[in-house]
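Fold and contact review
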Amino acid sequence: MDAIADFLSTPWALACAVGLGGIWGSFFNVVIARVPRGESIVRPPSRCMSCQAPVRAWDNIPVLSYLLLRGRCRRCGAHISVRYPLVEILTAAIAAGIYWKFVGADASGPVAIRLGRFAVYFTFASVLIVLGFIDLDTKRLPDAITLPGIVILFFATFAAHDAPWTERLIGVAAGYLFVRLIADFYYYVLKREGMGLGDGKLLALMGAVLGWKSLPVVVFVASVVGTAVSIPILLATRDRAAAKSLRHVEVPFGPFLAVGALVYLFVGDQILALVIPAG
Ligand SMILES: [Zn+2]
């Protein structure tokens, strides 16, 4: 076991986490594109969006293939969205960060718990990445991912030995009810659509992993980041008609909630220590 523990602290192990993240990121691109269309995520294998040519294995290496092909399909030359390598880089970076914090040189605890934390939190972050981009594309958070995600992640998180299960169970209920109350308030009092219930299921999923104490931090960070991103977009739209129509456009909140949950995963303990004085 000591040999394993020694290896886990090396840069080689961190590099493995980066590689693993890139490969999963490549798969998430497929999931993000196909789940909203109700298509299978395993069949058929990746294809060019333009000419339908199957992507060969050596043209499907995360980030590298995009650079070698200069962002174009090998067969028809169609432009490949820069978002594909960006999702791969994002996933690899988050995998590295989770590895560094929970497994690598700075982490403490038995090897089994450290690896359990990596598995659980990387799975959690993966669900957030996939849901964040699907929400960005379609303004929907599919039940097909959120509902099983809540159940599976609630039980999987026992392997992380972090937030007590009671706090996580309360987190599921509190996350959903918080959004439900806001949605009902908008619907019955203000007579218009506010937050979607998809956001409530996403927040429940976050509570299932991080516990209820995380929820105020997640919502606060999401609101700050969401405002910081939306205001420049609104200001940049000089055209009044466009600005007016933009105001009626539903801004997806899921991606910002995902950012909030990731911030909490990495520095939540420090944030809570600032807000709640020790003692
Ligand atoms: Zn093509």
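Residues numbered from 1 in each chain as written. Predicted model: local features only at pLDDT ≥ 70, side-chain atom pairs only at ≥ 80, totals over all residues. Heavy atoms only, no water.

With that out of the way, let us pick up the overall build of the protein chain. In terms of helices and strands, the protein chain carries 11 helices and 0 strands. Beginning at the N terminus, the succession of helices and strands in the protein chain can be written as α-α-α-α-α-α-α-α-α-α-α. For 279 residues, the compact-globule estimate of 2.2 N^0.38 gives 19 Å, and the protein chain sits close to it at 20 Å. If you line up the protein chain on its principal axes, its C-alpha atoms span 55 × 55 × 35 Å. When each of the 279 residues of the protein chain is scored for burial, the buried share is 41%. Sequence separation of 24 or more characterises 68% of the internal contacts of the protein chain that already satisfy a separation of 6 or more. Accessible surface computed for the protein chain: about 15900 Å², of which carbon and sulfur atoms make up 68%. (Helix = DSSP H or I, 4+ residues; strand = E, 2+ residues; numbered from the N terminus. Rg over C-alpha atoms; globule rule 2.2 N^0.38 Å. Buried < 20%, exposed > 50% of the residue type's maximum accessible area, 1.4 Å probe, protein only. Contact = heavy atoms within 4.5 Å. Areas by Shrake-Rupley, 256 points an atom, 1.4 Å probe, with all protein chains shown as cover.)

Turning to the coordination of the zinc ion, a few remarks are in order. Under perfect tetrahedral coordination by four donors, a metal shows angles of 109.5 degrees; under perfect octahedral coordination by six donors, it shows angles of 90 or 180 degrees. Distances from the zinc ion to its protein donors, C48 (SG), C51 (SG), C73 (SG) and C76 (SG), fall at 2.3 to 2.4 Å. In this structure, the zinc ion is coordinated by 4 donor atoms arranged in tetrahedral fashion, with angles at the metal of 106 to 115°. The sequence pattern formed by the donor residues of the zinc ion is C-x2-C-x21-C-x2-C. Given a relative accessible area of 11%, C48 falls into the buried group. (Donors = N, O, S within 2.8 Å, 3.2 Å for Na, K, Ca; no water. Tetrahedral: all angles 85-135°; square planar, octahedral: opposite > 155°, others 65-115°.)

Let us now look at helix 4 (residues 83-102). The periodicity of an α-helix, 3.6 residues per turn, causes residues three or four positions apart to be oriented the same way. Under the 1.5 Å per step criterion, the end-to-end length of helix 4 is 28 Å for 20 residues, consistent within 8% with the ideal 28 Å. Here helix 4 has its buried residues at P85, V87, E88, T91, A92, I94, A95, A96, I98, Y99 and F102. Buried residues along helix 4 sit in contact with helix 1 (2-8), helix 2 (11-34), helix 3 (64-68), helix 5 (111-138) and helix 11 (254-275). (Expected span 1.5 Å × (residues − 1).)

With that out of the way, let us pick up the confidence of the model for the protein chain. In the predicted model, the protein chain carries a mean pLDDT of 90, and 94% of its residues have values of at least 70. Within the protein chain, the lowest mean pLDDT, 55, falls on helix 10 (residues 240-248), and the highest, 97, falls on helix 6 (residues 143-156). (pLDDT = per-residue confidence, 0-100.)

Here we take up the packing of helix 6 against helix 8 (residues 197-210). Where helix 6 meets helix 8, the closest approach of the two axes is 8 Å, and the angle between their N-to-C directions is 15°. Judged by the inter-axis angle, helix 6 sits roughly parallel to helix 8. Once helix 6 is placed against helix 8, the crossing between them reads as left-handed. Residues D143, T146, L147, G149, I150, L153 and F154 of helix 6 lie in contact with helix 8, whose contacting residues are K201, L202, A204, L205, A208 and V209. (Axes fitted to C-alpha atoms, helices over the stretch in contact; angles between N-to-C directions. Parallel < 35°, antiparallel > 145°, perpendicular 65-115°, else oblique. Left-handed = near helix turned anticlockwise from the far one by under 90°.)

Parsing the protein chain into structural domains produces domain 1 (1-91) and domain 2 (109-279). Using only C-alpha atoms to locate each centre, domain 1 and domain 2 end up separated by 25 Å. Counting from both sides, the interface comprises 18 residues of domain 1 and, opposite them, 14 residues of domain 2. Carbon and sulfur atoms make up 85% of the area that domain 1 and domain 2 hide from each other, which totals about 1300 Å². Taken together, the links from domain 1 to domain 2 amount to 1 residue pair in polar contact (both at pLDDT 80 or more). Secondary structure elements with two or more residues in the side of domain 1 that touches domain 2: helix 1, helix 2 and helix 4. For the side of domain 1 that touches domain 2, the element with the most residues is helix 2, which contributes 7 residues. For the side of domain 1 that touches domain 2, a count of residues per class yields 14 nonpolar, 3 polar and 1 charged. (Domains from an automatic or database assignment. Buried area = accessible area lost by both parts, 1.4 Å probe. Polar contact = N/O pair within 3.5 Å; in protein donor to acceptor, adjacent residues only side chain to side chain. Nonpolar A, V, L, I, M, F, W, Y, C, P; charged D, E, K, R; others polar.)

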